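Listed below, chain by chain, are the residues.
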Amino acid sequence: MQKYYHRLECNIKLQHNVELINLNEYISNLINKCMLRDEVLKNKHEDKIIKGYTFSNLYPFEKDKIYKKDTNYIFYIHIFNREIALRLKSCLEQEECIEDVTLKIKKFKKISQISSYSPCTSQIPGENYKQRYWTCDMSIAKLLIAINSNITKKYNLFYEKDERDLNFIQSISIKTKGPVPIKYKGGTILGYQTILTVKDDEKSQLLANLCIATGLGEKNSLGFGFCGDNGGVWY
């Protein structure tokens, strides 16, 4: 059973200014563009399945929320699958604005808390089977169910299991005072930065590490739910 993930550290020099609210879409489009250079990645990009990767914001954080043209930044991509990580690394290295890409293997470890560095978003079933994104006027219980359901799907996919109703979360708290809006394709997706306290049993620890490897919640390939266990805040 795989107990590690892959981290790509990407050094990028921006070719134009990018506002924070548009940053997820900018990086997502860059990654998607690179994936089209590789037939395996192209097919994966077009498949309507869990992608198995997520990415961070640019670092260092700009206090005025504008990332500057001709300035170098770092962003990270977490990927579960090794072949995908190697192929994406090769594609990124061909991109003009990418100056360097480093691949590191990160072993799963003991985790007590998970902190989302980018907003986490989850869809909640509504009336007439319509989905809507979780907001703070809904119950925390609904958010817990959505996050646990999502990681169960990832666990079943990546480990070829058929589990139901897994629950790795001891408690959850919301770090942001309100929703964080992220622009995408002319619309806005709302998310919240969260802190999860993780249960101590072996299965829960595996699921917590899988969250770091693939992203917490949904829309991970758009940069939502990029997380770690050291309490950092990037928004």
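The structure reproduced in this document is the subject of the present report. No experiment lies behind these values; they were computed from the predicted model shown.

Two side chains with opposite charge may pair up if their charged atoms get near one another. A complete count under the given rule lists 12 salt bridges for this structure. The shortest N-O distance in the salt bridge between Arg87 and Glu83 comes to 2.9 Å. Remark: Glu83 and Arg87 occur in helix H3 (residues 82-92); sequence separation between them is four residues, near one turn of the helix. Lys110 is paired through a salt bridge with Asp200; the nearest N and O atoms lie 1.8 Å apart. Taken together, the positions of Lys110 in the loop between strand E6 (98-107) and strand E7 (113-116) and Asp200 in the loop between strand E13 (194-198) and helix H5 (202-214) put the pair 90 residues apart, joining distant regions of the chain. On the accessibility criterion, Lys110 (56% relative accessible area) is exposed. What you see here is one network of salt bridges that share partners, running through Lys33, Arg37 and Glu95.

Take the side chain of Ser115 next. As for its position among the elements, Ser115 is in strand E7. At a separation of 2.6 Å, a polar atom in the side chain of Ser115 contacts the side chain of Lys175.

Looking now at the nonpolar core. Counting residues in each nonpolar core, the largest one holds 31 residues, and the members touching the most others are Ile114, Ile147 and Phe168. Elements represented by at least two residues in this core include exactly helix H4 (140-159), strand E10 (169-174), E13 and H5. Ranked by residues supplied to this core, first place goes to H5 with seven residues.

Time to look at H5. Look at H5: 18 Å from first C-alpha to last across 13 residues, which is about the 18 Å you get at 1.5 Å a residue. Most of H5 sits out of view: 11 of its 13 residues are buried. The complete set of buried residues in H5 reads Ser204, Gln205, Leu206, Leu207, Ala208, Asn209, Leu210, Cys211, Ile212, Ala213 and Thr214. Its side-chain oxygen 3.3 Å from the backbone nitrogen of Lys203, Asp201 forms the N-cap of H5. The first or second residue beyond H5 is Gly215, which carries a positive phi of 110°.

Glancing now at the sheet that holds strand E1 (residues 4-13). Strand order in the open sheet formed by four strands is E3-E5-E1-E6, with antiparallel pairing between adjacent strands. Two strands close off the open sheet at either side, each with one partner strand: strand E3 (53-55) and E6. On average, adjacent strands in this sheet sit at an angle of 20° to one another, irrespective of strand direction. Bridging between E3 and strand E5 (residues 72-79) involves three bridges; their strand directions are antiparallel. The residue of E5 that forms the bridge with Tyr53 is Ile79. Each of E1, E3 and E5 touches H5; the most contacted strand, E5, lies at about 135° to it.

Below, the discussion takes up the sheet that holds E13. Judged by pairing direction, the sheet is antiparallel, and its four strands sit side by side in the order E10-E13-E7-E14 without closing on themselves. Because the sheet does not close on itself, it has two edges, and the strands there are E10 and strand E14 (227-228). Bridge count for E7 against E13 is three bridges, and the pairing is antiparallel. Within E13, the position partnered with Ile114 by the bridge is Leu196.

What counts, and where the lines are drawn
Numbers given to residues run from 1 along each chain, matching the order in which its sequence is written. The predicted nature of this model means local features are confined to residues of pLDDT at least 70 and side-chain atom pairs, given and counted, to a pLDDT of 80 or more, with totals for whole chains, interfaces and linings taken over all residues. Working from all heavy atoms in the structure, the side-chain values ignore hydrogens and water. Salt bridges are identified by distance alone: a Lys or Arg side-chain nitrogen within 4 Å of an Asp or Glu carboxyl oxygen. Counting from the N terminus, the helices are the DSSP runs of H or I reaching at least four residues and the strands are the DSSP runs of E reaching at least two. Accessible area is worked out with a 1.4 Å probe on protein chains only. A residue is then buried under 20% of its type maximum, exposed over 50%, and partly exposed in between. The term polar contact refers here to a pair of N or O atoms within 3.5 Å; inside protein, the definition further demands a hydrogen-donor-capable atom paired with an acceptor-capable atom, and it admits residues adjacent in sequence only when both atoms are side-chain atoms. What makes a nonpolar core is a set of buried Ala, Val, Leu, Ile, Met, Phe, Trp, Tyr and Cys residues whose side-chain atoms join them at distances within 4.5 Å. Expected span of a helix: the number of residues minus one, times 1.5 Å. Paired strands, as defined in this entry, are two strands with at least two bridges between them according to DSSP. Between N-to-C directions, angles cover 0 to 180 degrees, with each direction set by a line fitted to C-alpha atoms, over the stretch in contact for helices. Residues count as neighbours in contact if any of their non-hydrogen atoms are within 4.5 Å of one another.

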